[in-house]
Amino acid sequence: MVDVILGLQWGDEGKGKIVDFFAKDYDVIARFQGGPNAGHTLYVNNNKIVLHQIPSGIFHEDKTNLIGNGVVLDPVTLKKECAGVASMGVDYRKNLYISERTHLILPTHRALDKASELSKGHDKIGSTLKGIGPSYMDKTGRNGLRVGDLLDKNFTTQYIKLRMKHQRLLDNFNFHEDISVWEEEFFEALEFLREFKIVNGEYFINEKISSGKKVLAEGAQGSMLDVDFGTFPFVTSSSTISAGVCSGLGIAPQRIREVIGITKAYCTRVGSGPFPTELLDATGDYLRNTGNEFGSTTGRPRRCGWIDLVALQFACMINGVTQLVMTKADILDGLDELKVCRAYNINGEEKNYVPFQMNRLNIEAIYKSFEGWNTSVSSIDSYAALPEKMKTYINYLNDYLKVPVKYISNGPGREQIISA
Ligand code: GDP
Ligand code: IMO
Ligand code: MG
């Protein structure tokens with residue numbers, strides 16, 4: 001049996017915290033896509049840690065963690081992350097496994113990411129520059145190197161061939177930055193990676209499932225950043241949706257039970273691209289400052305706005321979401337009025353679907369207003385004790401989305417979560 005936790009917006013919904021919270025009920029926690037572009041924040045014993053590639057179950061000693069074949073892995077980042085979790089007393093060598101089919105991010109992928117963004121000028125994606133796009137391009141272009149290739153004698157020859165291909169591309173971009181330090185770090189990190197438990201991920205996970213173990217698949221990014229269904233081209237390069245779990249881990253769709261979708265009580269986006277409910281005013285600043293909305297991976301200020309139910313309903317549809325978790329409810333505590341986008345005005349017509357090429361249309365959000373609850377909720381620990389005005393807000397989401405909000409997160413801490 002497999003349950004999935006994924007983000008329904010443009011990432012940073014609080015997936016790390018929620019996976020860490022739910023991990024106790026599972027045996028295996030597996031990442032199925034994305035790479036070090038992700039930044040999943042956890043608070044463990046009041047210490048903050050940001051995970052990029054390691055699944056967010058790593059702080060539960062008795063759980064198995066798997067980096068699946070659908071991930072693109074940067075060994076340099078992995079080495080740093082491992083040092084971080086080890087400093088918190090975790091023996092990651094014991095319970096962290098990597099699929100041999102996982103593609104590697106090479107230093108030249110990072111350089112190509114940068115070169116590509118520079119060449120785009122005003123149309124840049126706002127990539128995290130971690131080499132994600134170029135690495136997935138080498139995967140679908142059938143050129144990439146995989147973790148399992150490390151164990152091959154001719155790995156270095158394969159590397160050099162690919163390196164030369166990349167050099168020609170970099171020359172075309174007129175990109176001549178010195179990346180020798182990155183390459184040095186990379187080769188050191190490869191030695192570190194060779195020591196890992198590198199497994200055949202698809203047999204590994206299916207054997208666990210067949211023996212009755214429970215798997216939690218942890219999404220990265222969010223549905224609106226999905227390469228097919230997101231706000232293309234302002235998206236990431238992987239399948240961030242529930243379908244990505246099957247191809248990113250090698251499991252059959254019938255194995256998936258619950259799809260737990262995470263949404264903030266409002267909405268954020270980092271990087272370029274359409275964002276119909278964006279607030280470029282004092283309320284937007286308020287959300288950013290109160291919610292500490294600065295990227296976990298890049299530190300960039302996140303764009304902030306009201307919750308967008310048109311986009312959320314779309315995300316629930318394509319993922320088959322069975323339950324919702326609403327995070328950062330506490331960030332709305334200080335607002336007198338709250339708004340919820342219930343439809344889009346596109347060329348004077350009211351629409352309730354996500355259009356093709358959102359970036360080329362003038363979309364105006366149509367809102368429904370709610371009274372703010374104006375009280376601090378961060379120490380509340382039962383649904384009954386939540387302000388009635390928050391319940392009205394939640395009930396509207398339930399009715400609109402036809403998927404129940406089952407949990408409300410009211411603070412970054414591990415235990416700050418309320419069952420509805
Ligand atoms: P992820 O990428 O989806 O894992 O999310 P990030 O870690 O990038 O960003 C979410 C941020 O919100 C982190 O700083 C979390 O510690 C914090 N967070 C998560 N849930 C809550 C919540 O309910 N309330 C508050 N105030 N912060 C939260
Ligand atoms: P988590 O897992 C928020 C965004 C980038 C950029 C676009 C493409 O922490 O939610 P990429 O580096 O993939 O080429 O960037 O996607 N992006 C994220 N935004 N959270 C993330 O991950 C993101 N990963 C990528 O800002 O707009
Ligand atoms: Mg994040």
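What you see as residue numbers is a count from 1 along each chain, following the sequence as written. In the order they appear in the text, chains get letters beginning with A and ligands get numbers beginning with 1. Given that this is a predicted model, residues contribute local features only at a pLDDT of at least 70 and side-chain atom pairs are listed and counted only at 80 or more, while totals for whole chains, interfaces and linings are drawn from all residues. Each side-chain value is derived from all of the structure's non-hydrogen atoms; neither hydrogens nor water enter the calculation.

(A) Geometry of the site of ligand 2. In the neighbourhood of ligand 2, 20 residues make up the surrounding shell, with Asp12, Lys15, His40, Thr128 and Thr236 lying closest. Asp12 places a polar main-chain atom, nitrogen or oxygen, 2.8 Å from an oxygen atom of ligand 2. At 2.5 Å from an oxygen atom of ligand 2 is found a side-chain nitrogen or oxygen belonging to Thr128. Calculation of accessible area relied on Shrake-Rupley with a 1.4 Å probe; when residues are assessed, cover is drawn exclusively from the protein chains displayed. About the coverage of ligand 2: the protein hides 97% of its 550 Å² of free accessible area. Of all the cavities here, the one that holds ligand 2 is the largest pocket. Near residues are defined by distance, with any heavy atom within 4 Å of the molecule or strand qualifying the residue. Pairs of N or O atoms are called polar contacts if they sit within 3.5 Å, as long as, within protein, a hydrogen donor faces a hydrogen acceptor (for residues adjacent in sequence, only side-chain-to-side-chain pairs). Throughout, the protein atoms alone are placed on a 1 Å grid, and a set of points is a cavity if a 1.4 Å probe fits but cannot get out or a pocket if it is open with protein on both sides within 12 Å along at least five of seven lines; lining residues have an atom within 4 Å of a point. Criterion for pocket placement: a molecule counts as inside a cavity or pocket if more than half of its atoms are within 2 Å of its grid points.

(B) Up close: the coordination of the magnesium ion (ligand 3). All of the protein donors around the magnesium ion (ligand 3) are Asp12 (OD) and Gly39 (O); their distances to the metal are 2.0 to 2.2 Å. Of the two residues, Asp12 sits in the loop between β1 (2–7) and α1 (15–22) while Gly39 sits in the loop between β2 (28–31) and β3 (40–44), which places them 27 residues apart along the sequence. Coordination here is defined by N, O and S atoms within 2.8 Å of the metal (3.2 Å for Na, K and Ca), and since water is not considered, a site can look incomplete. By the criteria applied, helices consist of DSSP H or I runs no shorter than four residues and strands consist of E runs no shorter than two, each listed in order from the N terminus.

(C) Main features of the environment of Leu361. Note that Leu361 resides in the loop between β17 (349–351) and β18 (363–371). In this structure Leu361 touches Ile346, Pro355 and Phe356, once residues within four positions along its chain are discounted. In what follows, residue pairs with any heavy atoms lying within 4.5 Å of each other are defined as contacts.

(D) Just the site of ligand 1, in detail. Contacts to ligand 1 come from 19 residues, most closely from Lys15, Thr41, Ser296, Asp330 and Ser409. Gly39 is positioned with one of its backbone polar atoms (N or O) 2.8 Å from an oxygen atom of ligand 1. Between ligand 1 and the protein, one listed contact pairs an oxygen atom with a side-chain N or O atom of Thr41 at 2.5 Å. Its free accessible area being 580 Å², ligand 1 has 93% of it covered by the protein chains.

(E) Just the domain arrangement of the protein, in detail. Taken domain by domain, the protein holds domain 1 (2–102 + 198–260), domain 2 (103–193) and domain 3 (263–419). Domain segmentation is taken from an automatic or database assignment of domains. Here domain 1 and domain 2 have C-alpha centroids that lie 22 Å from each other. Contacts between the two partners involve 31 residues from domain 1 and, on the opposite side, 26 residues from domain 2. Accessible area, probed at 1.4 Å, shrinks when two parts are joined; the buried area is that loss added up over both. Taken together, the two surfaces of domain 1 and domain 2 that pack against each other cover about 2300 Å², and 66% of this comes from carbon and sulfur. Salt bridge criterion: a side-chain nitrogen from Lys or Arg within 4 Å of a carboxyl oxygen from Asp or Glu. Where domain 1 packs against domain 2, one counts one salt bridge. In this structure, the salt-bridge partner of Arg110 is Asp74, at a minimum N-O distance of 4.0 Å. Inspection of the region where domain 1 meets domain 2 yields seven residue pairs in polar contact (both at pLDDT 80 or more). Elements that contribute at least two residues to the side of domain 1 that touches domain 2 include exactly β6 (72–73), α2 (75–86), α3 (92–95) and β7 (96–99). A per-element tally of the side of domain 1 that touches domain 2 places α2 first, with six residues. Any residue outside Ala, Val, Leu, Ile, Met, Phe, Trp, Tyr, Cys, Pro, Asp, Glu, Lys and Arg is labelled polar, Gly included; the first ten of those are nonpolar and the last four are charged. Of the residues belonging to the side of domain 1 that touches domain 2, the class tally is 14 nonpolar, eleven polar and six charged.

(F) Representation of the layout of surface pockets. Put simply, the largest pocket is a space of about 1000 Å³. Along the wall of the largest pocket there are 50 residues; nearest its centre are Ser127, Gly133, Val235, Thr236 and Ser237. Sorting the residues of the lining of the largest pocket by element identifies α4 (107–120), α5 (132–140) and α6 (155–172) as the ones contributing at least two each. Looking at the lining of the largest pocket, the element that brings in the most residues is α5, giving seven residues. Grid points are joined across faces, edges and corners, and a volume is the space filled by probe spheres set on the points. Put simply, the second largest pocket is a space of about 560 Å³. Those elements that place two or more of their residues in the lining of the second largest pocket are α1, β3 and β4 (47–51). Looking at the lining of the second largest pocket residue by residue, the classes come out as six nonpolar, 13 polar and nine charged. When residues of the lining of the second largest pocket are sorted by domain, at least three fall in each of domain 1 (2–102 + 198–260) and domain 3 (263–419).

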